[in-house]
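Structural characterization, general
Here's the letter readout for the chains.
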Amino acid sequence: MKVILKVWRQNNAESQGAFETYPVENVSGDMSFFEMMDMLNDQLVLAGKTPIAFDHDCREGICGTCGLFINGRAHGKIRGITTCQLHMRSFEDGETIVVEPWRAKAFPVIKDLIVERTSFDRIMEAGGYVSVKTGGTPDANAIPIAKRNAEEAMDAASCIGCAACVATCKNSSAMLFVAAKVSQLALLPQGQPERVERALNMIAAMDEEGFGNCTNTGACEIECPKEISISHIGRLNREFLKASLKG
Amino acid sequence: MLNNKIPLGPLAEKWTNHKFSSKLVNPSNKRKYDIIIVGTGLAGASAAASLAELGYNVQAFSYHESPRRAHSIAAQGGINAAKNYPNDSDSIYRLFYDTIKGGDYRSREANVYRLAEVSNNIIDQCVAQGIPFAREYGGLLDNRSFGGAQVSRTFYARGQTGQQLLLGAYSALVRQMNTGQVKFHSRHEMLDLVLIDGEAKGIVTRNLITGEIQSHAANAVVLATGGYGNAFFLSTNAMASNATAAWRAHKKGAFFANPCITQIHPTCIPVASSHQSKLTLMSESLRNDGRVWVPKKKGDKRHPSEISEDERDYYLERLYPSFGNLVPRDVASRRAKEMCDMGHGVGETGLAVFLDFEDAIERMGKDVVVQKYGNLFDMYKQITGEDPYEIPMRIYPAVHYTMGGLWVDYNLMSTIPGLYILGEANFSDHGANRLGASALMQGLADGYFILPYTIGDYLSGKLGEKASVDNDAFSKTETDVKNRIENLLSINGNRTVDDIHKELGLILWENVGMARNKSGLEKAIESIPKLKDEFWKNVKVTGTADELNPELEKAGRVADFLELGELMARDALNREESCGGHFREEHQTEENEAKRNDEEFSYVAAWEHKGDDLTAKLHKEELVFENVELTTRSYK
Ligand SMILES: Cc1cc2nc3c(=O)[nH]c(=O)nc-3n(C[C@H](O)[C@H](O)[C@H](O)COP(=O)(O)OP(=O)(O)OC[C@H]3O[C@@H](n4cnc5c(N)ncnc54)[C@H](O)[C@@H]3O)c2cc1C
Ligand code: SF4
Ligand code: FES
């Protein structure tokens, strides 16, 4: 099959970007979207042109490195997958595919389709952990945890930090990402001692990084490749409220 | 001479004695030491956090945007420990024994015993961090079994154990980043190691966004940079995983141990097209409940549902009645290849075997199967377009893990003083074959519980000896790095980096892959240097040095793979025996099992770089077995 790519090109953070169009021939449905991009990039290199820069690494939906806006949808139109898991069999022969980077104030474009998401690390630094040192911890079975809670904590912990939720949100809010971590630790006994500070500090860090407010549109949940539920945002709000009252 | 520094005394007391006799750094002096850690996967992140907690100043580097992107994130199946929670007769000694035996007796007793010993601390640590491991209804931790063991000792977090462990280590790391005890340099690639008076004193990096070349000095350097499976181009590793840090260190004097010993994982999704960029693993845990089979009739292309029970060959259950589908990886992989070579392979290419869950679904119910393996089944369906609840999965072996790596002594120090190697990047604990769920264990053991105890022994005498980046050694290394980059950019030939990398991969897969023989290896030793010449004459790298340039990054890595590839073939040719993942066709039993030669090859092959145009020199570290008896591995 053949597709026409309309891709965002931008030299670096300072430069103005623009769309460029590339027809790509001999695409097979079994190729992943990135394998199609690899093929195009090889052709560009051989023609002496600059290949399209895009972020990716594991190519199996777990590292959270990839993330493209494809035809206006974060990670493409299929639910529950990342961009690297998208296959060309999901597109029509002759289709025009518009490819853009994540767009949010807190994620500057560094080249073409690559953005900088270190703001997520800084939010984590503000409290996305249990303060334990290496060594001196109790036996792993010393604290039983209800399977139900462990499972729900695991649902939240599945977040891969891809930032599709932010890219999709009209307010560029990072609430789903923050909620996933706060909720995971709030559900577990290990997270209790720092529960109050964690919610306050992570939200403060999020505001400081320039992410917007959550107005409960629910778009994030739909685009999240790990299908993290917005019920975690509900829990985060309750945590935050309780914490603000105490704090 | 190689001194492995294995402490004296009975096996079970060595580590305790060693910790006691190692020199300590006074708590108030720790802040006077700078330590560079390259790589923040499981091994690097756990080490960086633990050393910072002790008070050392840590500079951590990764070519990734965030530590959370490291390839450790992709580990699916689980992590071993000798907790014996299921009461099925596990113990530290049994985990030690299984690992030594699984490694086909090519690892050190003392290292493996220590690994088993600290395994339990790792689980305690991870639970304390809030890692949501799988639990039973009573609220206690659940275990499952894995290949190469007859007890259930594997802890897991759905099919995302590596993700959860890495996020745990990452959380400990960000806590230290927040206090400033760790300075993390994201998107910085180490391109060379700097030695002063023969000791590791710093590194030279390239800022991947701006292209800036920078020097960093410290009292010691730690590499936790992962494995080199991507030498084969196609592997289950992440796209960027590479050997550059290890290879640069090797060229500066760190010996490379057992480079030919690589692991081919039996359960991966088969190659679909020539555009394939990577292979996807289906966790080995699937072999707990799935049954592997091929049609008895050669070339049988019928739909599997039309092939009746008596027309199927459950060859692992037939050949290995006591371990069945749970034989170690090397055995399972080789048998799959053999079945396909004999014409029993399935699917369009004939390079695949079935992994069938029909019985499991009947026995446990679909709900339980969904709960245990749901995400793996979904992943399979997304990639192949087939539904494994309806039709058996097709699987084929793929390159997965490298047991070889930089040589280290018991303290995890390489042959360069002050240079430590952790995680998959070292060769230490898995011998000729790594058991499932043991890499995560080893990476975290190295980072949380071993290096923090052993590094003090080296540092304690060196207070105030921190190097300065003003030393000539740094500017000289910077110049070398810049020249190499200029070279790569100036060739302007007509082959892409990937094109040459794929050719290398094919040479390695065919000659240094699942089965090796003398003539194939000699062919590889001849053709790889030619391909290296071709690379340096004819590669095309676009763009400039002072911008984000992924083609340039790849080019530097492939240049190193080309050199490492040759050493892999040389090592394989030298090792005239079969052991674990290294199968020499000339050395097999009548039943086609690996035939070791303990008389002559019970050693670690540690290679010393002698110069670009000279052959590497072999050093042997004899392996001494005082506690286990060397037997032929049998999984029958
Ligand atoms: C698909 C898959 C599934 C697996 N499943 C399991 C499992 O179930 N159980 C198990 O025990 N093991 C498993 N393994 C193996 C295990 O995941 C790895 O061996 C282990 O995670 C390696 O950890 P590491 O810290 O050594 O390296 P990595 O996690 O690979 O980290 C390497 C780090 O080094 C950095 N780096 C490398 N080179 C440079 C450089 N030059 N400059 C700067 N930074 C650099 C990278 O950025 C990264 O931070 C699996 C492996 C794969 C591929
Ligand atoms: S919540 Fe979902 S969309 Fe947001 S970062 Fe996590 S995985 Fe990505
Ligand atoms: S490349 Fe890792 S999630 Fe897509």
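All residue numbers here refer to positions counted from 1 along the written sequence of the relevant chain. The naming scheme follows written order: chains are lettered A onward, ligands numbered 1 onward. With the structure being a predicted model, the display of local features is reserved for residues of pLDDT at least 70 and the display and counting of side-chain atom pairs for 80 or more, all residues being used for whole-chain, interface and lining totals. Side-chain figures throughout are based on the complete set of non-hydrogen atoms in the structure, without hydrogens or water.

**Examining the overall build of chain A**
Here a strand is any run of E in DSSP of at least two residues, a helix any run of H or I of at least four, and the numbering for each starts at the N terminus. Of the regular secondary structure elements, chain A holds eight helices and seven strands. Judged by the C-alpha coordinates and their principal axes, chain A covers about 60 × 35 × 35 Å. Among the 247 residues that make up chain A, the fraction classed as buried is 60%. In chain A, 68% of the contacts between residues at least 6 apart in sequence involve partners at least 24 apart. Calculation of accessible area relied on Shrake-Rupley with a 1.4 Å probe; when residues are assessed, cover is drawn exclusively from the protein chains displayed. In the structure as shown, chain A presents an accessible area of about 9,500 Å², 50% of it carried by carbon and sulfur atoms. Residues scored as charged are limited to Lys and Arg (positive) and Asp and Glu (negative), so that His and the chain ends carry no count. Where a charge sits is defined by one atom per residue type, namely NZ (Lys), CZ (Arg), CG (Asp) or CD (Glu). Between the centroid of the 26 positive side chains of chain A and the centroid of its 31 negative side chains there is a distance of 5 Å. Accessibility here uses a 1.4 Å probe with only protein chains present; expressed as a share of the type maximum, an area under 20% marks a residue as buried, one over 50% as exposed, and anything in between as partly exposed. Here, two residues are considered to be in contact whenever any of their heavy atoms come within 4.5 Å of each other.

**Regarding the sheet that holds strand E13 (residues 312–313) of chain B**
Residues and elements named next belong to chain B. Being paired, for any two strands, means DSSP has found at least two bridges between them. Pairing in this open sheet of five strands is antiparallel, and the strands run E11-E15-E14-E12-E13 from one edge to the other. Single-partner strands in this sheet number two, and they are strand E11 (262–268) and E13. Summarising the sheet, E11 and strand E15 (residues 393–402) pair through five bridges and their orientation is antiparallel. Each bridged residue has a counterpart across the sheet, and for Cys268 the counterpart in E15 is Tyr396.

**Quick notes on the interface of chain B and chain A**
With 74 residues of chain B at the interface, the matching set in chain A holds 69 residues. The buried area of a pairing is the accessible area, by a 1.4 Å probe, that goes missing from both parts when the two are put together, added over both. Of the roughly 6,200 Å² buried between chain B and chain A on both sides combined, carbon and sulfur atoms contribute 52%. Every case where a carboxyl oxygen of Asp or Glu lies within 4 Å of a side-chain nitrogen of Lys or Arg is listed as a salt bridge. Summed over the shared surface of chain B and chain A, the number is eight salt bridges. Linking B:Glu547 and A:Lys111 is a salt bridge whose minimum nitrogen-to-oxygen distance equals 3.2 Å.

**Looking at the site of ligand 1**
Residues and elements named next belong to chain B. We call a residue near a molecule or strand when any one of its heavy atoms sits within 4 Å of it. Around ligand 1, the surrounding shell holds 37 residues, and the nearest of these are His71, Ser72, Met190, Glu424 and Leu440. Contact distances for ligand 1 include 3.2 Å between an oxygen atom and a backbone N or O atom of Leu42. Polar contact criterion, stated in full: a pair of N or O atoms within 3.5 Å, where within protein one must be able to donate a hydrogen and the other to accept it, and residues adjacent in sequence count only if both atoms are side-chain atoms. Residue Met190 places a main-chain N or O atom 2.8 Å away from a nitrogen atom belonging to ligand 1. Put simply, the parts of the chain that give the shell around ligand 1 at least two residues each are helix H2 (42–54), strand E6 (188–196), E15 and helix H11 (439–459).

**Describing the packing of aromatic side chains**
For Phe, Tyr and Trp, where Trp contributes only its six-membered ring, two rings pair if their centres lie within 6.5 Å, and the inter-plane angle classes them as stacked under 30 degrees, edge-to-face over 60, or tilted in between. Taken as a whole, this structure holds 29 aromatic pairs over all chains when the rule is applied. Measuring from ring centre to ring centre gives 6.0 Å for B:Trp15 and B:Tyr410, while their planes differ by 75°; the resulting arrangement is edge-to-face. Remark: B:Tyr410 occurs in the loop between strand E16 (405–406) and strand E17 (419–421) and B:Trp15 occurs in helix H1 (residues 14–21); sequence separation between them is 395 residues. B:Tyr410 shares its class with B:Trp15; the two are buried. Ring pairing ties together the aromatic residues A:Phe33, A:Phe34, A:Phe54 and A:Phe91, which thus form one cluster. Our definition puts a charge over a ring when NZ of Lys or CZ of Arg is within 6 Å of the ring centre and also within 35 degrees of the ring normal. Cation over ring: A:Lys147 sits above B:Tyr137, and NZ or CZ is 5.2 Å from the ring centre. Between B:Arg312 and the ring centre of B:Trp293, over which it is positioned, the NZ or CZ distance is 4.0 Å.

**Quick notes on the domain arrangement of chain A**
You'll often see interface size given as the accessible area lost when the parts meet. Residues and elements named next belong to chain A. Residue ranges assigned to each domain were obtained from an automatic or database domain assignment. Splitting chain A by domain gives domain 1 (3–111) and domain 2 (118–246). Using only C-alpha atoms to locate each centre, domain 1 and domain 2 end up separated by 29 Å. With 19 residues of domain 1 at the contact, the number on the domain 2 side is 21 residues. For the pair domain 1 and domain 2, the summed buried surface comes to about 1,500 Å²; carbon and sulfur atoms form 55% of the total. The largest share of the area that domain 1 buries against domain 2 comes from Arg79, Ala106 and Phe107, three residues that together contribute 30% of it.

**Some remarks on the environment of B:Arg516**
Residues and elements named next belong to chain B. For Arg516, the position within the fold is in the loop between helix H13 (497–511) and helix H14 (518–538). In sequence terms Arg516 and Phe583 are 67 residues apart; their C-alpha atoms lie 6.0 Å from each other. Apart from the residues within four sequence positions on either side, Arg516 is in contact with Cys260, Thr262, Asn511, Leu521, Ala572, Gly581, His582, Phe583, Arg584, Glu585 and Glu586. A polar contact of 2.9 Å, which involves the side chain of Arg516, links it to the backbone oxygen of Val512. Only 3.0 Å separates the side chain of Arg516 from the side chain of His582, close enough to count as a polar contact.

**Here's the deal with the packing of H13(B) against helix H15 (residues 550–574) of chain B**
All names here are of chain B. Angles run from 0 to 180 degrees between N-to-C directions of axes, and those axes are lines fitted to C-alpha atoms, restricted for helices to the stretch in contact. In contact at an axis separation of 10 Å, H13 and H15 are set at 25° when each is read in the N-to-C sense. Classified by the angle their axes make, H13 and H15 are roughly parallel. For the pair H13 and H15, the crossing hand works out as left-handed. Contacts from Val497, Asp498, Ile500, His501, Leu504 and Leu508 of H13 reach H15 at Glu551, Lys554, Ala555, Val558, Phe561, Leu562 and Gly565. By the convention adopted, Pro, Cys, Tyr, Trp, Phe, Met, Ile, Leu, Val and Ala count as nonpolar, Lys, Arg, Asp and Glu as charged, and the other residues, Gly among them, as polar. Here the contact of H13 with H15 is composed, by residue class, of eight nonpolar, two polar and three charged. For this classification, under 35 degrees means roughly parallel, over 145 means roughly antiparallel, 65 to 115 means roughly perpendicular, and everything else is oblique. Rotating anticlockwise by less than a right angle from the far helix to the near helix defines a left-handed crossing, while the corresponding clockwise rotation defines a right-handed one.

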